[in-house]
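Read off the chains here:
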Amino acid sequence: MTIPQQGIDADDLRARMERYRGNDGDAAGARLFSLVYATRSDILDVAKDAYGRFFSENALNPMTFPSLRRFETEVLEIAIELLHGPAGAAGSMTSGGSESLLLAVKTARDWARLNRPHVTAPEMLLPVTAHPALLKAAHIVGVEPVIVPVTDAFVADMEAARSLVTDNTVLVVGSAPQYPHGVMDPITELAELAASRGILCHVDSCIGGFFLPWLEKLGREVPPFDFRVPGVTSISADLHKYAYAAKGASVLLHRSRALRRHQYFVHPDWPGGLFGSPSVLGTRPGGAIAAAWAVMHYLGAEGYLDLTRRAMDATKRMADGVREIPGLRILGNPVMSLLAIGIDERHADPVDLNVVADRMLQKGWRIDRQQRPTSLHLTVSPAHDVLAETFVADLREAVAHVRSSGEQAQGPSAMYGMLGQLPDRAFVGDALLDFMDGMDSMPTMLEG
Ligand SMILES: Cc1ncc(COP(=O)(O)O)c(C=O)c1O
C-alpha cells in the first residue's frame, strides 16, 4: 500500500471503511465484553457530539483552551466527591487506565526519592491478579515489581504481603476490584500495611471507580476501597469504562496536592520554552475530555444509578444462569459486574472451556479466555440486560454440545490452552512476541 497520488472522495472512503469493518465485533450489539461498555444510543450521541465539537482542541496548554481546563477540573471534582477524597485531594485526567497507573508508579518513585532517600532500588507490591498495565508501569518507571500471591478467593494474601515488604518497598497496590474475577483485594489491610511502613498505597479502581460508588448508593454492600480508607494515597478510575465516556479518558486522584506534584514533569531549560506536563501525553485530545464531562452531566446521578441497576440486574441473571449449568461455576465472590466462569471440579465430565468459547463465537459471542485456572471472563454492561437469558441459553447449549460431540480444541484455541499450561514461560513470552510481530501480515487484515 502506498499513499494514493490523488486524494479519494469522502463518500468512497466512507464506503470503504464500512466494508473494512465487515468482520469487526459489533460494538453496539452487546455480544462482546470488556472492550466496549454498551449502554444506549442517546448516550453515545452526546459523547460523539461533545467529542466532535472539541475535536481539534488540545489540552497540552490549558491556558489556550480554558473550556478544557474547566471540563477537566469539574470532572475531577465529581470523581473526588464520588471517591470521598478529603479536602486537598487533587488529580489529573489521563488517556486511560494504563496512563493513570504509570503515573501512580512514577509518583511513588519520585515521592520515595525525596522522602525515602535510603531506597536505591525501589520495589512495589502487587497481587498476581493486578492488571499487567502495572507491571508495564513498573518496567518503564524502573520500580521492581514484587508479586503477592492470592488466596483461594483470588484476593491478595495478606500474610504473604506482610512478609514481602522490605525497606525498599515504596508502594503497595490493591485492586478494587481486580479484573480477572471481579473480586476486591483487602484494601483496608493493604493500606494499613503501607501506612505502618510510612509508604504509599495505590488502589487500582480503573474498572470499579465509577461503578462501586453508585452500587453503594443503591444499598449494596461494597467493601471499603476509596479515600475513606486511611492509608490509601491514590486511586485510578477510568472514565471510558463504567462512566461511559469516549475512549481515552481516566482519572488519577491523589490524597493531597503535595503527592500530585510527584506525578508532574517539568523542564525549565528547553529553548522551546518553559515546559511543564502533568501526564505522559504531550498533546491531549480535547474531545476525550469534553465527552467525559458531557456524558457525566447528561446522565447525572439518576442516570448512573439506573445504568448501574441495569448492569447489576443483568449480572445477577447471568451468574444465576451459569450456576445452574452442570459443570460450571462462578469463581470467587465478585462484587460488581465482572464474572469469571470456571469449571466445577466436582463434575464427573469437565468441559474444555476453550472449546465452549469457540462454540459461543459461532453463536456470535466474543468471550475472553483466562488462565490459571482456565475461565471465561464477562464484563457485563447495561446493554446486556436484554440479552442475559439468551446468553445463558446459548452457553447451556454450547456446554451440552461440547460434551455430547466430544469436540476437542483446535487451531488458535488449542494453541491458547497449550500455551497457558507450558511451564517454560519465557518460551510463551517469545511466542507472544512472534504473534504480535506477525499481526501486520495476518490475511484477515488485508481482506477486502
Ligand atoms: C483493573 C484494571 N486496571 C487497569 C486497566 C487498564 O486500563 P486501560 O485499558 O484503559 O489502559 C483495566 C482494563 O480493563 C482494568 O480492568
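Residues numbered from 1 in each chain as written. Predicted model: local features only at pLDDT ≥ 70, side-chain atom pairs only at ≥ 80, totals over all residues. Heavy atoms only, no water.

Trainee: Looking at this model, I keep getting lost on the site of the ligand. Mind explaining?
Mentor: Around the ligand, the neighbouring residues are Gly96, Gly97, Ser98, Leu101, His131, Tyr179, Asp204, Cys206, Ile207, Asp238, His240 and Lys241. Within the backbone of Gly97, a nitrogen or oxygen atom sits 2.9 Å from an oxygen atom of the ligand. Within the side chain of Ser98, one N or O atom sits 2.6 Å away from an oxygen atom of the ligand. Surface burial for the ligand is 83%, taken as the share of its 390 Å² of free accessible area covered by protein chains. It is helix α4 (residues 97–115) that contributes the most residues to the shell around the ligand, three residues altogether. Split into classes, the residues belonging to the shell around the ligand amount to four nonpolar, five polar and three charged. (Near = heavy atom within 4 Å. Polar contact = N/O pair within 3.5 Å; in protein donor to acceptor, adjacent residues only side chain to side chain. Areas by Shrake-Rupley, 256 points an atom, 1.4 Å probe, with all protein chains shown as cover. Helix = DSSP H or I, 4+ residues; strand = E, 2+ residues; numbered from the N terminus. Nonpolar A, V, L, I, M, F, W, Y, C, P; charged D, E, K, R; others polar.)

Trainee: I tried to follow the packing of aromatic side chains on my own but got confused; where do I start?
Mentor: One pair of aromatic rings is described through two measures. These are the centre distance and the angle between the planes. Within the structure shown, the criterion is met by twelve aromatic pairs. Relative to Phe391, the ring of Phe33 has its centre 6.0 Å away and its plane inclined at 75°; by these criteria the two rings are edge-to-face. Here the residue Phe33 occupies a position in the loop between α1 (10–20) and α2 (41–53), and Phe391 occupies one in helix α12 (residues 388–405), the gap between them amounting to 358 residues. For the pair Phe33 and Phe391, one class covers both residues: buried. Ring pairs connect the aromatic residues Tyr37, Phe211, Trp214, Tyr242, Tyr244 and Tyr304, which therefore count as one cluster. Geometry around Trp365 places Arg31 over its ring, the cationic atom sitting 4.5 Å from the centre. (Phe/Tyr/Trp six-rings, centres within 6.5 Å; stacked < 30°, edge-to-face > 60°. Buried < 20%, exposed > 50% of the residue type's maximum accessible area, 1.4 Å probe, protein only. Lys NZ or Arg CZ within 6 Å of the ring centre and 35° of its normal.)

Trainee: Could you clarify how one ought to interpret the state of the cysteines in this entry?
Mentor: Within this structure, the stated rule accounts for zero disulfides. The structure places no disulfide on Cys201, whose sulfur is separated from the nearest cysteine sulfur, that of Cys206, by 14 Å. Its relative accessible area of 1% is what places Cys201 among the buried residues. By relative accessible area, which is 7% here, Cys206 ends up buried. (Disulfide = S-S within 2.5 Å.)

Trainee: Is there a simple way to think about the nonpolar core in this case?
Mentor: Nonpolar side chains in soluble globular proteins tend to be buried together. Core analysis: the largest hydrophobic core is formed by 72 residues, its most contacted members being Phe210, Leu212, Phe225, Leu239 and Val251. Sort the elements by how many residues they give to this core and helix α10 (residues 286–323) lands first, with 13 residues. Other than its neighbours up to four places away in sequence, Leu212 contacts Ala176, Pro177, Met184, Ser205, Val222, Phe225, Val335 and Met336. Of all hydrophobic cores here, the second largest spans 35 residues; its members include Met318, Leu339, Ile341 and Leu376. (Core = buried A, V, L, I, M, F, W, Y, C linked by side-chain atoms within 4.5 Å. Contact = heavy atoms within 4.5 Å.)

Trainee: Is there a simple way to explain the UniProt feature "modified residue: N6-(pyridoxal phosphate)lysine" (unreviewed entry) in the chain in this structure?
Mentor: Per the UniProt record, the feature "modified residue: N6-(pyridoxal phosphate)lysine" (unreviewed entry) sits at Lys241. Counting through the fold element by element, Lys241 comes out in the loop between β6 (234–238) and β7 (250–254). The buried category is assigned to Lys241, whose relative accessible area is 18%. Apart from the residues lying within four places of it in its own chain, the contact partners of Lys241 are Tyr37, Cys206 and Ile207. (UniProt positions renumbered as here; feature names shortened; annotations may be inferred.)

Trainee: Please clarify how the sheet that holds strand β10 (residues 328–330) should be interpreted in this entry.
Mentor: The strands making up a sheet associate through backbone hydrogen bonding, with each pair oriented either parallel or antiparallel. Reading across the sheet, the four strands line up as β10-β11-β13-β12 and stay open at both edges, with antiparallel pairing between neighbours. Two strands close off the open sheet at either side, each with one partner strand: β10 and β12 (368–370). Each neighbouring strand pair of the sheet contributes to a mean axis angle of 30°, computed without reference to strand direction. In terms of strand pairing, strand β11 (residues 338–343) meets strand β13 (residues 375–379) through four bridges, oriented antiparallel. Within the sheet, the bridge partner assigned to Ile341 lies in β13 and is Leu376. (Pairing = 2+ DSSP bridges. Axes fitted to C-alpha atoms, helices over the stretch in contact; angles between N-to-C directions.)

Trainee: Looking at this structure, I do not really get the packing of helix α3 (residues 66–82) against α10. What am I missing?
Mentor: The description of two helices packed together rests on the angle between their axes and the distance between the axes. In the contact formed by α3 and α10, the axes pass within 9 Å of each other and the chain directions differ by 50°. As summarised for this structure, α3 and α10 are arranged oblique, according to the angle between their axes. Relative to α10, the crossing made by α3 is left-handed. Touching Leu68, Phe71, Glu72, Glu74, Val75 and Ile78 of α3 are Gly286, Ile289, Ala290, Ala292, Trp293, Met296 and His297, all from α10. (Parallel < 35°, antiparallel > 145°, perpendicular 65-115°, else oblique. Left-handed = near helix turned anticlockwise from the far one by under 90°.)

Trainee: Please explain empty space enclosed by the protein as it appears in this structure.
Mentor: One way to see where empty space is left: roll a probe the size of a water molecule over the atoms. Summed over all chains, the structure comprises two cavities of 30 Å³ or more. In this structure, the largest cavity spans a volume of roughly 80 Å³. Met93, Thr94, Ser95, Glu99, Gly248, Ser279, Leu281, Arg284, Pro285, Ala288 and Ile289 are the residues that line the largest cavity. Listing elements by their share of the lining of the largest cavity, those giving two or more residues are β1 (90–94) and α10. (1 Å grid on protein atoms, 1.4 Å probe; cavity = no way out; pocket = protein on both sides within 12 Å on 5 of 7 lines; lining within 4 Å. Points joined across faces, edges and corners; volume = space filled by probe spheres on them.)

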